[in-house]
Structure formats: C-alpha cells, structure tokens
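Chain by chain, the residues run as shown.
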Amino acid sequence: MAASETVVSLTIQSEECAARMQAVADLLLLTSDIRPVNTESLSVFGESYAKCRDTIIARTKGLSVLTRDLLQQIRSGLYRECGETLREICGMVMSLTECSAHAAYLAATSEPGAIKSIPGIIDKYKVSRAKFDIEHNCNQIQHTPIIELSPLRVVNISGEISKNLHVLTMACVLASDASEDPFHKEQFRLCVRSMTACATALLSAIKRYKNTLDEKNRTRCVVFTKPLIVACQALVEYATEPEHLGTPAQLSDAGKKIQTSILGGCMSVVSPCVQLCLCIHSLAHNISNAELQRKTISCSSAITDGANLLSNALRQKSSPRTSYADVSP
C-alpha cells in the first residue's frame, strides 16, 4: 500500500475510533437517565459490583499498555500497526465505559433510600448503540479507500450491519408483543418492515461490490446506505419515546455522589482517549511536529491519571475529586 494511502487509512480510523468512544460516553456517562447496562458481555456480572470493579481495574491496566504501544508505533512510522492498536483501544474503552456505567448503577442503587429502575419494553442503550454501529459501518463503506476494502473487509462490514439489524429487529418484535396498545403493536412491526426493505437493498449491493471492487459498485452501496440510516434513525427515535422505556432509578444524595464519582472517573479516561485519537489524526499528516508529539504524550499521561482516578473511585465508592463538570449526577 502506498504511504499516502496508509496515512489516509490511519486518519479515517482515528476519526472513527474517536466518534465511537464519544458516542458510547454520550449514551452512558453524560446522562441523568439512571439504568443498568444490559449487554451480553455484562451478563456474567449480574448484580455483582465486585466483579464489575475488578474487571474495570484490570482493563485500565491493559489500556495503559496499549497507549504506550501506540506512541511507540507512531514514532516509528508504523501506521498500519498504529491503526490496529487504535481499534484495540477503542474496543477496550467502549467496554470499560459500559462496565463503569453498570458498576455506577449497582453501587448507587445499593445505598439506602434508592429505588431501582423498572425496565420498559425497549432498552434505550441497546437500540441506540445498534443504530450507531449501523451508521458507523455504512460510513466505512463510504470513506474507506477502495484498496483497503478487500472482499474479507466487505464481508465483515456486512456481517456487522446484519448483526445490528438483528438487534433492532428483535427489540421491536419483543416490544410489539409486550405492548398492550394496538397502535404501538403495529407501529413496531412497520418500523421493522421499513428497515428490512432498506437493508435488503443495501446488502444486495454489498454482495455485488464484494465480487467487483470498483467505484461504480461502491457508489451504489453508498446510495443504499442512506435510506437504511434514515430508517434506523426513525425506528430508534420512535422506540425510545419515554412511554416505552420504563422508569429510571431514583437515587439518594449518597447514591448520586457515588454515581458521579464513578462516571466522572470513567470520563477522565474516555476524554483523553478521544483526544489521543484526534492527535494521531493530525500527527499522521505531520509526524515531525513537536507540538503534536507533546500532545500525544500528554494524552497518554492523562489516560494513566484517569485510570488511577477511576480505580480509586471504584475501590472507595467515593472520589478524591468532588466535582465533575461534564458528568450529570
């Protein structure tokens, strides 16, 4: 691959990773909607705060190792390896964010006076995350250089789209079955039909593109991503109307402080990770820029400091800092 194409690929990956980490943080950390995080990967924790805490602390240590590797790779001009490490960091940070939000819920609702959330017929985070992941994969089709869109990469993208379409479909089917209102029963089904029709057209175009990787077929795929994104947005906006979501938890003052300390500690990890991606984006075009190099080192140090802050908040259920302006209590 030409050096210029490698740089373009790294800048695209850094933008995507920053957007994905920020999206999960927006959904789970920057909200006053207090609910458990019900993902498949977190099902093993159940109601165990201790298991969540220990897993998060272990992952923060792994994150520090990855950031050190990333700095060494970018200094050495290993852009392909740098992109792979960025994706690892992104996945770890999103998982860490989910675990931290769930741990904050468990800790806060264990305090006297707290009232736990009551689930509705829709899990807001699950469907919102699926919608975002569909948009993310559609954007990969649009922006990734053709030379990098190998048949295997295209298969992986279509597989991710299909997986998240299944999440939205099952959420709507279950919601339709659970709803007692005839209008909502039918509306959930109609949303699925609309989304499925758009998805079928896109996946057919992707299949053609996989066999013939040229700009004409890619443009056709891009055309069909647009109605799918709109259909998914409409579905999720409807599905996440308040009447479908149940009731969020109510916390005591002590519970709010605990929740704020844990979410704030997590945000102090996520924010420098997002900034690190943006620095890598700029540094890829100007590797000798001393100021950008200094910023990447500063971000790495901030990630380590944030990891320590989060670990301490989890261990103590209180924070050594008392105010987090970016996190709603």
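Our structure is the block above this text.
Residues numbered from 1 in each chain as written. Predicted model: local features only at pLDDT ≥ 70, side-chain atom pairs only at ≥ 80, totals over all residues. Heavy atoms only, no water.

Student: Just checking my understanding: could you explain the overall build of the chain for this structure?
Tutor: Scanning the chain from terminus to terminus reveals nine helices and two strands. Reading the chain from its N end, one meets helices and strands in the order α-α-α-β-α-α-α-α-β-α-α. Compactness check: the chain gives a C-alpha radius of gyration of 21 Å against a globular reference of 20 Å for 329 residues, within 12% of the reference. Dimensions of the chain, computed from C-alpha atoms along their principal axes, come out at roughly 60 × 60 × 30 Å. Counting every position in the chain, which comprises 329 residues, the buried fraction comes to 50%. Of the contacts formed within the chain by residues at least 6 apart in sequence, a portion of 83% connects residues at least 24 apart. Per element, the accessible surface of the chain, about 15,200 Å² overall, is 54% carbon and sulfur. In the chain, the 34 positive side-chain charges and the 32 negative ones have mean positions that sit 3 Å from each other. (Helix = DSSP H or I, 4+ residues; strand = E, 2+ residues; numbered from the N terminus. Rg over C-alpha atoms; globule rule 2.2 N^0.38 Å. Buried < 20%, exposed > 50% of the residue type's maximum accessible area, 1.4 Å probe, protein only. Contact = heavy atoms within 4.5 Å. Areas by Shrake-Rupley, 256 points an atom, 1.4 Å probe, with all protein chains shown as cover. Lys, Arg positive; Asp, Glu negative; His and termini not counted. Charge placed at Lys NZ, Arg CZ, Asp CG, Glu CD.)

Student: I tried to follow the packing of helix H4 (residues 124-143) against helix H7 (residues 215-239) on my own but got confused; where do I start?
Tutor: For any two helices packed against each other, one specifies the crossing angle of their axes together with the interaxial distance. Interaxial distance between H4 and H7 falls to 9 Å at its minimum, and their mutual angle equals 165 degrees. Viewed along their axes, H4 and H7 adopt a mutual orientation that is roughly antiparallel. For the element pair H4 and H7, the recorded crossing hand is left-handed. Contact with H4, carried on its side by Val127, Ser128, Lys131, Ile134, Glu135, Cys138, Ile141, Gln142 and His143, involves Arg218, Cys221, Val222, Thr225, Leu228, Ile229, Cys232, Gln233 and Val236 of H7 and no other residues of that element. Here the contact of H4 with H7 is built from residues that sort into ten nonpolar, five polar and three charged. (Axes fitted to C-alpha atoms, helices over the stretch in contact; angles between N-to-C directions. Parallel < 35°, antiparallel > 145°, perpendicular 65-115°, else oblique. Left-handed = near helix turned anticlockwise from the far one by under 90°. Nonpolar A, V, L, I, M, F, W, Y, C, P; charged D, E, K, R; others polar.)

Student: Explanation requested: the packing of aromatic side chains in the structure shown.
Tutor: We describe a pair of aromatic rings using the distance from one ring centre to the other and the angle between the two ring planes. Applying the stated criterion across every chain, the model contains one aromatic pair. Judged by centre distance (4.9 Å) and plane angle (55 degrees), the ring pair of Phe188 and Tyr238 falls under tilted. In this pair, Phe188 sits in helix H6 (residues 182-211) while Tyr238 sits in helix H7, placing the two residues 50 residues apart along the sequence. In this structure Phe188 comes out as buried when scored by relative accessible area, which is 0%. (Phe/Tyr/Trp six-rings, centres within 6.5 Å; stacked < 30°, edge-to-face > 60°.)

Student: Is there a simple way to think about the environment of Ala239 in this case?
Tutor: Locating Ala239 in the fold gives a position in helix H7. Residue class for Ala239 comes out buried when judged on its relative accessible area of 1%. The spacing of Ala239 and Cys191 is 48 residues in sequence and 9.2 Å in space, taken between C-alpha atoms.

Interpretation note: all reported values are geometric properties and have no functional meaning in isolation.
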